[in-house]
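# Inside the fold
Read off the chains here:
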Amino acid sequence: MNYEIFGDGDPLLLLHGWGGEINSMLPIINTYKERYKVIVVDFPGHGKSDLASSWNVTDYMEYIHSFINSLGINDLIVLGHSFGGRVGILLSATFPELVKKLILVDSGGIIPKRSLKYYFRLYSYKFAKHFMKLIIRDKEKYDEYIEEKRRKRSSNDFNALKPEMRSTFIKVVNQNLKPYLKKISCPTLIIFGEFDEDTPVYMGKILHKGIKNSEFYVFENCGHFAYLDDFAEFKKKTDSFLDK
């Protein structure tokens, strides 16, 4: 796994979002490397780290836990954006003695509300896979037909993935972390963008309600990258939280 360490002081672990890398966290690195030992990773399958095929959030969390143990670090501050928030939630809930503070920015972990349109698209795709297999006997033509159908029904994030990472993505987005929220005992700061469409504000409210010792803020006119959309406000809230 590719990682970098900046500065010295209390350890601050930064966990980027899905499709991101170390450079995704540069504004945070540059802001806090004078006060903390900032540890940043490329998650397996991202950046310069080796591929992780068919992993779920638990696998990523256990991998990060082993990495932290190898550094001999305790009393960790964890800051996770989006997918990194999923890993941060699970790490804090599973190893409460390791994490002393948690910051979640536009974090995943809550199964989204599904519409009837979603289920119609899902099951029509599954039906087409089985039915057309009886009609199209040529395997190459069948694979091309199914791939075209899949691309039309899938998100841009999913379509951009390497084929080896698709099973991992499916496992990650469908792993419900809500039951773990009550196990988080450390002080937690939760920040969501008002116009976040990937992890909407209602998910932040669920996180806030489930984590008993948490603060929750919605940043106006911000999207899924609230820490970039309004970095001044992000730094203000984060500084206040870390200085307590």
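Up top is the structure.
Residues numbered from 1 in each chain as written. Predicted model: local features only at pLDDT ≥ 70, side-chain atom pairs only at ≥ 80, totals over all residues. Heavy atoms only, no water.

## Notes on the nonpolar core
- Counting residues in each nonpolar core, the largest one holds 43 residues, and the members touching the most others are Leu13, Tyr60 and Val87.
- Not counting residues up to four positions away in its chain, the partners in contact with Val87 are Leu15, Phe43, Val57, Tyr60, Met61 and Ile64.
- Counting 23 residues, the second largest nonpolar core, distinct from the first, contains Ile28, Ile103, Phe219 and Tyr227. (Core = buried A, V, L, I, M, F, W, Y, C linked by side-chain atoms within 4.5 Å. Buried < 20%, exposed > 50% of the residue type's maximum accessible area, 1.4 Å probe, protein only. Contact = heavy atoms within 4.5 Å.)

## Overview of helix 2 (residues 57-71)
- For helix 2, built from 15 residues, the straight-helix expectation of 21 Å at 1.5 Å per residue is met to within 8% by its first-to-last C-alpha distance of 21 Å.
- Those residues of helix 2 that sit buried are Val57, Tyr60, Met61, Ile64, His65, Phe67 and Ile68. Each buried residue of helix 2 lies within a common arc of 160° when the element is viewed along its axis, so the set occupies one face.
- The secondary structure elements touched by the buried residues of helix 2 are strand 1 (3-6), strand 2 (10-15), strand 3 (36-41), strand 4 (76-81), helix 3 (83-94) and helix 7 (163-173).
- The opening residue of helix 2, the one whose side-chain oxygen lies 3.1 Å from the backbone nitrogen of Thr58, is Asn56. (Helix = DSSP H or I, 4+ residues; strand = E, 2+ residues; numbered from the N terminus. Expected span 1.5 Å × (residues − 1). Arc of directions from axis to C-beta. Polar contact = N/O pair within 3.5 Å; in protein donor to acceptor, adjacent residues only side chain to side chain.)

## Quick notes on the pattern of salt bridges
- Within the structure shown, the criterion is met by six salt bridges.
- A salt bridge links Glu215 to Lys244; the nearest nitrogen and oxygen atoms lie 2.6 Å apart. In this pair, Glu215 sits in strand 7 (residues 214-219) while Lys244 sits in the segment after helix 10 (231-243), placing the two residues 29 residues apart along the sequence.
- What makes Lys244 exposed here is its relative accessible area of 62%.
- If you follow the salt bridges from partner to partner, you end up with Arg35, Lys235, Asp239 and Asp243 in one network. (Salt bridge = Lys/Arg side-chain N within 4 Å of Asp/Glu carboxyl O.)

The quantities given are spatial measurements derived from coordinates; they are silent on function.
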